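So the chains spell out like this:
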Amino acid sequence: MPLSIQSFANTFNPLPVRDMTWPPDEDQARLDSYARCSMIMDGDHLNVFSDRAELNRYGVYIPANISKKIVYATSDLLFGEPVALEYPEEANQAGIDFCDELWKEQKLQQLYYEGSVDGGSLGDDVYQVRKEENQALIESVQAKNWFPVRDPDNVRKVLQHRLAITHEVRINGKLREFVKMMIHEKGRIINQLWEAEGGKLKTPYGPGTDPWNTFIDRKSTRLNSSHSSVSRMPSS
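Now for a description of the structure that goes with this document.

## Re the overall build of the protein
- When its secondary structure is counted, the protein shows eight helices and seven strands.
- Looking at the 236 residues of the protein, the share that counts as buried comes to 35%.
- Intrachain contacts of the protein at a sequence separation of at least 6 include 53% that bridge at least 24 residues.
- For the protein, the accessible area works out to roughly 15,400 Å², and carbon and sulfur atoms hold 52% of it.

Here it is as structure tokens:
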């Protein structure tokens, strides 16, 4: 019997489940694009364009990483100098003080510089907002660790933002793969930990287990941007 629209909506579960392909098939083309863009940024043009007939016409290849220069030059123009925040005339002093403090405490200029580099090199830059010890944190996340889940009936509507990072560890001589997820939904953040095998999520781990204590409860496992230090950024 065909599912009605209402019953289909009720059966759709955006949370990861056992034997789910990871990374999801629908994200693979995007991840492949990120990998190619990263190779271009690193100047590895021959491997990126190895199947392009244009490069085979020339006997001499002179590397000129113009794309990287453009990305960093643009980021320098946007955030290379201290940013002065401007407020509308009707803004109250408490709101102004809050925004000024947030800008400094969260080092948002550094954050936006990193995001500009990521966005210019990959095409996407991602931020997450979360709470840690009663403090709001704004962090940059590598786009390759971002997996949006869209409404099947409306691709413009994102139901979840999954932020996931994979750790490979050797335990008793065996290489094992763990996927740590921070799932952002409206009004809540869900932490999950899976062991993956053969490109699929296999075993979930909850609080109190050794893998959970290793990957979830330690603060060092964050999903930050790969551009963590940029010498041209102002120190203040």
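## Quick notes on the sheet that holds strand β3 (residues 146-151)
- Spatially, five strands are ordered β3-β4-β5-β6-β7 in an open sheet, and the strand pairing comes out antiparallel. Strands with a single pairing partner mark the edges of an open sheet, and in this sheet they are β3 and β7 (200-205). With strand direction ignored, the average angle separating the axes of adjacent strands in the sheet is 35°.

## What about the pattern of salt bridges?
- Scanning the model with the defined rule gives six salt bridges in all.
- Here R30 ties to D27 by a salt bridge, and the two come within 2.8 Å at their closest N and O atoms. No difference in accessibility class separates R30 from D27, as the two residues are buried.
- The shortest N-O distance in the salt bridge between R130 and E132 comes to 3.0 Å. Both residues of the pair, R130 and E132, belong to the buried class.
- Taken together, the shared-partner salt bridges connect R130, E132 and E139 into one network.

## Focus on the environment of L77
- Tracing the backbone shows L77 in helix α5 (residues 66-79).
- Judged by relative accessible area, which is 76%, L77 ranks as exposed.
- Separated by 36 residues in the primary sequence, L77 and Y113 place their C-alpha atoms 9.8 Å from one another.

## Description of the nonpolar core
- Residues W22, V179, M181 and L201 are the most contacted members of the largest nonpolar core, which totals 21 residues.
- Elements supplying a minimum of two residues to this core: α2 (28-41), β3, β4 (154-171), β5 (174-185) and β6 (188-197).
- Per-element accounting of this core gives the leading share, four residues, to β5.

Calculation criteria
- Residues numbered from 1 in each chain as written.
- Predicted model: local features only at pLDDT ≥ 70, side-chain atom pairs only at ≥ 80, totals over all residues.
- Heavy atoms only, no water.
- Helix = DSSP H or I, 4+ residues; strand = E, 2+ residues; numbered from the N terminus.
- Buried < 20%, exposed > 50% of the residue type's maximum accessible area, 1.4 Å probe, protein only.
- Contact = heavy atoms within 4.5 Å.
- Areas by Shrake-Rupley, 256 points an atom, 1.4 Å probe, with all protein chains shown as cover.
- Pairing = 2+ DSSP bridges.
- Axes fitted to C-alpha atoms, helices over the stretch in contact; angles between N-to-C directions.
- Salt bridge = Lys/Arg side-chain N within 4 Å of Asp/Glu carboxyl O.
- Core = buried A, V, L, I, M, F, W, Y, C linked by side-chain atoms within 4.5 Å.

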